[in-house]
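A closer look at the structure
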Number of protein chains: 2
Amino acid sequence: MSQNSTDRTDGDLRNTGLSLRHDREWDYELDRITEAVAERDAEKVGLQFPEGLKRRGPAVADDLRQLLPDGVSVMLSGQPCYGACDLDTYLMRRTDVFVHFGHSPMKESDNIIYVPLFSNVDVDPIVEQALGEELAAPEVDPDVGLVTTAQHMNKFDEMREHLEGEGYTVHTRRGDERLTHEGQVLGCNYASADVDADQMLYVGGGKFHPLGLAMEHPDKHVVIADPVNNSVSVADPDQFMKQRYATVHKAMDAEEWGVIFCTKIGQGRWDQAQEIVDDNDSAYLITMDEVTPDRLRNFGLDAYVNTGCPRITTDDGPQFHSPMLTPGEYRIAIGEKPLDELSFDTFHGTW
Amino acid sequence: MSQNSTDRTDGDLRNTGLSLRHDREWDYELDRITEAVAERDAEKVGLQFPEGLKRRGPAVADDLRQLLPDGVSVMLSGQPCYGACDLDTYLMRRTDVFVHFGHSPMKESDNIIYVPLFSNVDVDPIVEQALGEELAAPEVDPDVGLVTTAQHMNKFDEMREHLEGEGYTVHTRRGDERLTHEGQVLGCNYASADVDADQMLYVGGGKFHPLGLAMEHPDKHVVIADPVNNSVSVADPDQFMKQRYATVHKAMDAEEWGVIFCTKIGQGRWDQAQEIVDDNDSAYLITMDEVTPDRLRNFGLDAYVNTGCPRITTDDGPQFHSPMLTPGEYRIAIGEKPLDELSFDTFHGTW
């Protein structure tokens, strides 16, 4: 495709070299927040941003303070935030209006406002590129499944129409009750990809979600159309799976196990944790919110099973000082299941 | 003093080369815990250890599981724990009996058992050495103030008698309501050193407490008798104070400030945080539990004021990517107070 600028529509960031410095002009929905403050006569407003947008927090607080009556306090959450599970329940309980930016709802409550922060980046050019490069043509395979993240949900109909316009039959579904939107995926849930298509188009930033999708659905061809980093590729979970097999093998020698119960909203799998501890006299239940290498190191156990976020286990796993397994991998490591049952750990249902 | 082993009493770890590998045989008071479980018909028991003792957690859980009826679950807290403020309120709320090891009470509650974990290390030899090396002889200055930490509180009378036997007048006090015991110091509270003596004897491990004491009381000669690392020295806060002056100078150029309100029990100084934000349009209130460099980095502000634990500010300060000040230092940095009013930040009162 020509790089002549006249060929590109507004918002097409491909090959401009500016993609990451471009201000995507998020809509913080300040009007919705100020209305909620007025309605509830709120005195305290809490704002929580994902890590990548924390830097915008002070400017958003400034804008809000100008719009809000004198005497209303605006507070920023300093807790780590990588997803909807990281809801700062402390700040939520202590503010009259609590705004969680950038994720779709995990827990509903009267005083929470979820501001999705839809991206304004144009998705058409990268979908076009994906069609030309990695998706099978409609004459070869007319069925394609379509998924995206909360951030690009506002463009979901555009994506679908684009594909249909090319002659594809587009398969989508809402997944399960953990998901807010049709076609939405979470790092821990790919139920929306349970569709009758051998090829999937994932439109969104990064490889975090499509790798999870490919691990959960190893039979599907997962094409990544990334409008943020402007690249088209195919998800290849092989390296990840090799790392998982190696970790499971290493854990087979473990005598003492730490079983992590994560206290975050949306991550508590109590029955799984309890069952492991009940069945294994050398397993110890450990409760924590952030699961980090530093926190586990001082326990000095041989291996850990994480019943919380599976992405901590798989993506951050190599940073831990002892092997860290998902509950399914633990069953393999202790010999209860054969090695070929290794699969990706997902979360279903809500908190 | 001779190194002949016959000169040494039981528990004298000086110069044995084994001081840090020596198992001090902590008393975990398992009988008190099992009694409480029986009394309350408890089904869930939570255990929280300080970082340095987390490794003992699984063994203590094992012992307890043997003593407790079948069906009682024992859980370990995986939250960071460096002091009484780090009470794991999540696990506390979700267990029938919650045991906090190694610190004296910060918050009392029906289901909390505080197990102090007194050290069995003998303090007499190191007190003797301190008398010979760094304390002024009673003929020169008969007055000496005596302080220690929760860990060595069980030997406080021994220390006092030892000094009195040498002819000193020993000055002690309970400090304020933040402290449980006469003569006890916390990392953030040295009110027990407000005694009528120019020289202080601190008996305890490490330099953390005596440095705080010397910064809070720069007029006093603070002798450290460390029975754990077996060393006698004099607290020298000069280097610390220089670091503080340098940090304050660096923060004088800051335009945007983050004001940290720490959500931990015992660390909430809301009025101080609120006052700073009210008076400075470029100050933003940030709430968090653990105050770490990683959590602040993403906000990208020019400087921070920490209204939470002063030891994070002074001891961990150099690890932060932007200057981190105590509330008093902030007043100096913005020109409200002269530089020579720089003093150590302490906490009084309870949570």
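Summary of the structure given here. (Residues numbered from 1 in each chain as written. Chains lettered and ligands numbered in written order. Predicted model: local features only at pLDDT ≥ 70, side-chain atom pairs only at ≥ 80, totals over all residues. Heavy atoms only, no water.)

1. Description of the relation of the copies chain B and chain A
Under the fitted operation, chain B is carried onto chain A by 0.0 Å of movement along the axis and a turn of 180 degrees, and the coordinates agree to an RMSD of 0.0 Å. What we have between these two chains is a two-fold relation. Distance from the rotation axis, computed per C-alpha, reaches its smallest value in chain B at Glu290 of chain B: 5.2 Å. Comparing interface residues between copies, 100% of those in chain B also lie at the interface in chain A; the contact surface is shared. (Least-squares fit on C-alpha atoms with pLDDT ≥ 70 in both. Contact = heavy atoms within 4.5 Å.)

2. With respect to the sheet that holds strand β1 (residues 44-48) of chain B
The strands making up a sheet are joined through hydrogen bonds of the backbone, oriented either antiparallel or parallel. As summarised here, the arrangement of the eight strands in space is β13(A)-β12(A)-β10(A)-β11(A)-β2(B)-β1(B)-β3(B)-β4(B), forming an open sheet in which the pairing is parallel. The two strands at the open ends of the sheet, each matched to only one other strand, are β13 (324-325) of chain A together with β4 (112-115) of chain B. For strand β10 (residues 257-262) of chain A and strand β11 (residues 283-288) of chain A, the ladder comprises six bridges, and the chain directions are parallel. Paired with Cys262 of chain A across the two strands is Met288 of chain A, which belongs to β11 of chain A. Its contacts with the sheet put helix α8 (residues 270-279) of chain A on β10, β11 and β12 (303-306) of chain A together with β1 and β2 (73-77) of chain B, and the angle it makes with β11 of chain A is roughly 150 degrees. (Pairing = 2+ DSSP bridges. Helix = DSSP H or I, 4+ residues; strand = E, 2+ residues; numbered from the N terminus. Axes fitted to C-alpha atoms, helices over the stretch in contact; angles between N-to-C directions.)

3. With respect to the nonpolar core
Buried together is how nonpolar side chains tend to be arranged in soluble globular proteins. Counting 47 residues, the largest nonpolar core has Val147, Met200, Leu213, Trp257 and Val259 of chain A together with Leu87 of chain B as the members making the most contacts within it. When residues no more than four places from it in sequence are discounted, the contact partners of Leu213 of chain A are Val147, Tyr190, Ala193, Met200 and Val222 of chain A. Phe98 of chain A together with Val147, Ala197 and Ala254 of chain B belong to the second-largest nonpolar core, a separate cluster that totals 45 residues. (Core = buried A, V, L, I, M, F, W, Y, C linked by side-chain atoms within 4.5 Å. Buried < 20%, exposed > 50% of the residue type's maximum accessible area, 1.4 Å probe, protein only.)

4. Side note on the interface of chain B and chain A
Across the contact, 40 residues belong to chain B and 40 residues belong to chain A. The largest contributions to the chain B side of the interface with chain A come from Tyr284, Asn298 and Phe299 of chain B, which together make up 18% of the buried area. Counting across the chain B and chain A interface gives zero salt bridges. Where chain B meets chain A, there are 22 residue pairs in polar contact (both at pLDDT 80 or more). When residues of the side of chain B that touches chain A are traced back to their parent elements, those giving at least two are α2 (57-67), β2, α3 (89-93), α8 (270-279), β11 (283-288) and α9 (293-297) of chain B. Per element, the largest residue contribution to the side of chain B that touches chain A is six residues, and it comes from β11 of chain B. (Buried area = accessible area lost by both parts, 1.4 Å probe. Salt bridge = Lys/Arg side-chain N within 4 Å of Asp/Glu carboxyl O. Polar contact = N/O pair within 3.5 Å; in protein donor to acceptor, adjacent residues only side chain to side chain.)

5. Examining the sheet that holds strand β8 (residues 221-226) of chain A
Residue and element names in this part refer to chain A. Read from one edge to the other, the open sheet built from five strands follows the order β6-β5-β7-β8-β9, with strand pairing classed as mixed. Both outer strands of the open sheet, β6 (169-171) and β9 (231-234), are each paired with one neighbouring strand and no more. For this sheet, the mean angle separating the axes of adjacent strands, direction not counted, is 25 degrees. Across five bridges, strand β7 (residues 199-203) lies against β8 in parallel orientation. Pairing of Leu201 across the sheet is with Val223, part of β8. Contacts from helix α4 (residues 124-133) reach β7, β8 and β9 within the one sheet, and its direction differs from that of β9 by about 40 degrees.

6. A closer look at the pairing of strand β5 (residues 143-148) of chain B
Residue and element names in this part refer to chain B. Burial within β5 is extensive, with five of its six residues counted as buried. With three bridges joining them, β5 and strand β6 (residues 169-171) adopt parallel strand pairing. The residue bridging Val144 from the neighbouring strand is Val170, located in β6. Traced from β5 through helix α5 (residues 156-165) to β6, the parallel crossover comes out right-handed. Bridge count between β5 and strand β7 (residues 199-203): five bridges; the pairing is parallel. Bridging across to β7, Val147 finds its partner in Tyr202. (Right-handed = clockwise from strand over helix to strand, strands pointing away.)

7. Some details on the pairing of β12 of chain A
Residue and element names in this part refer to chain A. Of the two faces of β12, the one carrying Ala303 and Val305 and the one carrying Tyr304 and Asn306 are both buried. Where β10 lies against β12, four bridges are found, and the strand directions are parallel. In the strand pairing of β12, Gly258 is matched with Tyr304. Direction of pairing for β12 relative to β13: parallel, over a ladder of two bridges. Directly across from Val305, in β13, lies its bridge partner Leu325.

Function cannot be inferred from these measures alone, as they are strictly geometric.
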